[in-house]
Amino acid sequence: MMFVVLAVVLSMCVVMSACSKKEGSDLKASSSSNAAANDPSSDPSNEPSSDPSKRETLSLFMSNSGVETPDSVNLSDNPFINVVKDYANVNLKVEVPPYQDFQTKFNLVMSSGNLPDIVHTYYRDVAETAAEQGAFLDLKKYYDNSPVVQQWITPEMMEFAKSKKGGGYFRIPMANDKTPQGMFNFVRYEFIKKYNDGKFPQSVDEYVDLLRRMKKADPESYPLTNRVVGEAGLGYAGNVLYYWYGALPHSYRVQDGKVLSTFVLPEYRAATELMHQMYEEGILDKEFATNNNDQYWQKLVNRNALLENNSAAELIWRGLTSAAAGGLLENKEFVIAPPLSQFPDVLKDPKYVLSPRNMPINDHGLYISAKTKNPDLAWKVIEGFATKDLFEAIYWGKEGSEYVIKDGGREPVLEKIQSEDRNWALQLALIPGFSAGGEIEKAQAKMKYNPEYFKAVYDSLDASQELMKTATLSLLNFFPPSDEINKKTGEKTAFIAKATVEAIMGNITMEQFDQRVQEFHQKFDFIYDDYTKFLTDNKEMLLENGVIEAGW
C-alpha cells in the first residue's frame, strides 16, 4: 500500500495509496475554448454517434481509489464518463468495486482469465506479471501516435512505466510529476488549539499526553483509530505511531547496505507495544481491526480522531469538499504535523521517518486485455481519459456554473464546484492524475478557509515539500520482482497484519510477537535477500537515478 495512495492514495492515494489529488498545468492560462482548440479530442471527425445502439460496448474494470461514488450516480452513464464514451464513440459497461474490496475483486478478475476490455489498477506487480504471460497488450505503438496521451505522459514517464521484468509497455501510467511529495502525519489543527494551546507536540511522548487529555475530556472519543485497507490490517490513522518510529507497516528499510522488512525492526516492535498500550487505555478504537471505509470516516470525525497518516497530496482536498467522506469532513482542520524535535530513543536514524519521494508516475495504470475484440477502440477509451475535455469537466466544470471569469482569471463558484454530484469524478483522473487540479484547489481553499487556517495548511504543505527535497526515491521502483515474490506478497502482508493486530489487542504477548518475527524471517527473508542482491548489483545505477538509500 505504500505504493497505492490515493496515496494514496491513494494517495491516495489513494490515498490514494491510497487515494493520492493535486497540481498540474497553468489552469488560469487555459480556458475551455483554448483547451478544446489544442486537444485532438475536439477534431470534428471524432463526432460520436447520436444513436448509442449503434455503438460497440466495451467493458471497464477500475478502482474508485478511495473516492466514493454517490448512490445516485450511474457509473456507466453520467456526464463525466460520457466524455470518454463520446470521444471513443463507444458504450462502456463500468464496474467499480467498493474501495476496501478492490484488491480481492481485482485478484478474482485476474485469476478468472476472463478479463474486461480495459483494466485500471494500482497493483502494478500483479498486472505486470500477468502481462508478461500474455494477459495485456503492449501499448507503445498506440502511445507513440497519441498526442492526447503525450500531453500528460512524457516519453521519460513511459520508460519508467515499462515492465520491470521484460520491459514491455503494458500500461499507460498516471502522471505524478506535480503531486505534493511524501507521506506525513496529519493532525487536526482545531484540537491542537483546543487541547494544546495551539502548540504542536514535539515528541511522541507529548502526542501521547495530548491523546490522553483528549480521551479524559471526552471518554466517548477515540483519538486514535484505523482504516482497514485490503489485507494490510493497518492503514491511515492506524499508521501514525509507526511513522514516527520510522517503521511503517508493510514497508522496508535499507540499513548498513541490507534491505530489511520494517516488521523485524526494534522500532516496529516498540510502536506495536505503544499501540497495545493505547488500546488498553481506550485511546485506540476498540474496533480498529475491522473498520471499513465508511466506519473509518465516521470515527475519524465523530469520535475526534487526532491523527492520520496520509499523502501530502491529500491535504488540500481533505479540507475542501463537503462531499469528502459523505460530507463528514466539512470544517475539519487538517494540517501536516511539523517534524518532531525529539524522536523515540529506539529510532536508529531520523532519516528513516521521511518517506521516499515520488516517481513522475505512480503505480496506477490503464491496461488493455489481449482478449479484447477491438484493441483500437479500447485505446480510444484510454485516450478519452486523457482529453482536456475530461480534465475541464473534473476540475473546473463549466463557465457560468462551476466558475466565473474575474480579473482575467477563473474564480470557482464553491457551492457548484464542490457539489456531491461532481466531486466523485476525481476517480476518473486516471491519466492526468489526482494532483492535476492544484490551482483550482488552492483557489477554492483561499475562498473557503478562514485566513488563519489557509495559512496553517499551506505553511505545513510548503514545509513538508522543503523536507522532501532531501528524500530518496524507492529502490522498489526499479526492482523486478520474481514470480515467487509476487506469489508470496499477499501471504506476507497477511502474516504481518495478523501478528501486529494480535499484539495490539493483547491476544499474543510481545514475547510471542518476537516468535512471529522469527517465523517471518524463516518464511520471507528470501524476498529481502533478493532486494539486497538487486541493490548491491545495481548500486551505481540506483544512485544515478536518485535512489539515495542505495548508499545507506
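Residues numbered from 1 in each chain as written. Predicted model: local features only at pLDDT ≥ 70, side-chain atom pairs only at ≥ 80, totals over all residues. Heavy atoms only, no water.

1. Considering the overall build of the chain
Item 1. Helices and strands together make up the secondary structure of the chain, namely 22 helices and 15 strands.
Item 2. The proportion of buried residues among the 552 residues of the chain is 60%.
Item 3. A total accessible area of about 21,800 Å² is found for the chain, and carbon and sulfur atoms account for 48% of it. (Helix = DSSP H or I, 4+ residues; strand = E, 2+ residues; numbered from the N terminus. Buried < 20%, exposed > 50% of the residue type's maximum accessible area, 1.4 Å probe, protein only. Areas by Shrake-Rupley, 256 points an atom, 1.4 Å probe, with all protein chains shown as cover.)

2. Some points on unusual backbone geometry
Item 1. Although it is not a glycine, Asn89 adopts a positive phi angle of roughly 60°.
Item 2. Position of Asn89 among the secondary structure elements: in the loop between helix H2 (81–88) and strand S5 (90–95).
Item 3. Among the residues examined, Asn89 registers a relative accessible area of 28% and is labelled partly exposed.
Item 4. Here the phi dihedral of Asp256 falls at roughly 55°; this positive angle occurs in a residue that is not glycine.
Item 5. Among the structural elements, Asp256 can be located in the loop between strand S9 (252–255) and strand S10 (258–261).

3. Focus: the packing of helix H20 (residues 483–505) against helix H21 (residues 510–537)
Item 1. Where H20 contacts H21, the axes come no closer than 11 Å and their chain directions differ by 165°. The angle between the axes of H20 and H21 places the two elements in the roughly antiparallel class. For H20 against H21, the interelement crossing comes out left-handed. Counted together, Glu484, Ile485, Lys488, Glu491, Lys492, Phe495, Ile496, Ala499, Thr500, Glu502 and Ala503 of H20 and Met510, Phe513, Arg516, Glu519, Phe520, Lys523, Phe524, Phe526, Ile527, Tyr528 and Asp530 of H21 form the full contact between these two elements.
Item 2. Tallied by class, the residues present in the contact of H20 with H21 amount to twelve nonpolar, one polar and nine charged. (Axes fitted to C-alpha atoms, helices over the stretch in contact; angles between N-to-C directions. Parallel < 35°, antiparallel > 145°, perpendicular 65-115°, else oblique. Left-handed = near helix turned anticlockwise from the far one by under 90°. Contact = heavy atoms within 4.5 Å. Nonpolar A, V, L, I, M, F, W, Y, C, P; charged D, E, K, R; others polar.)

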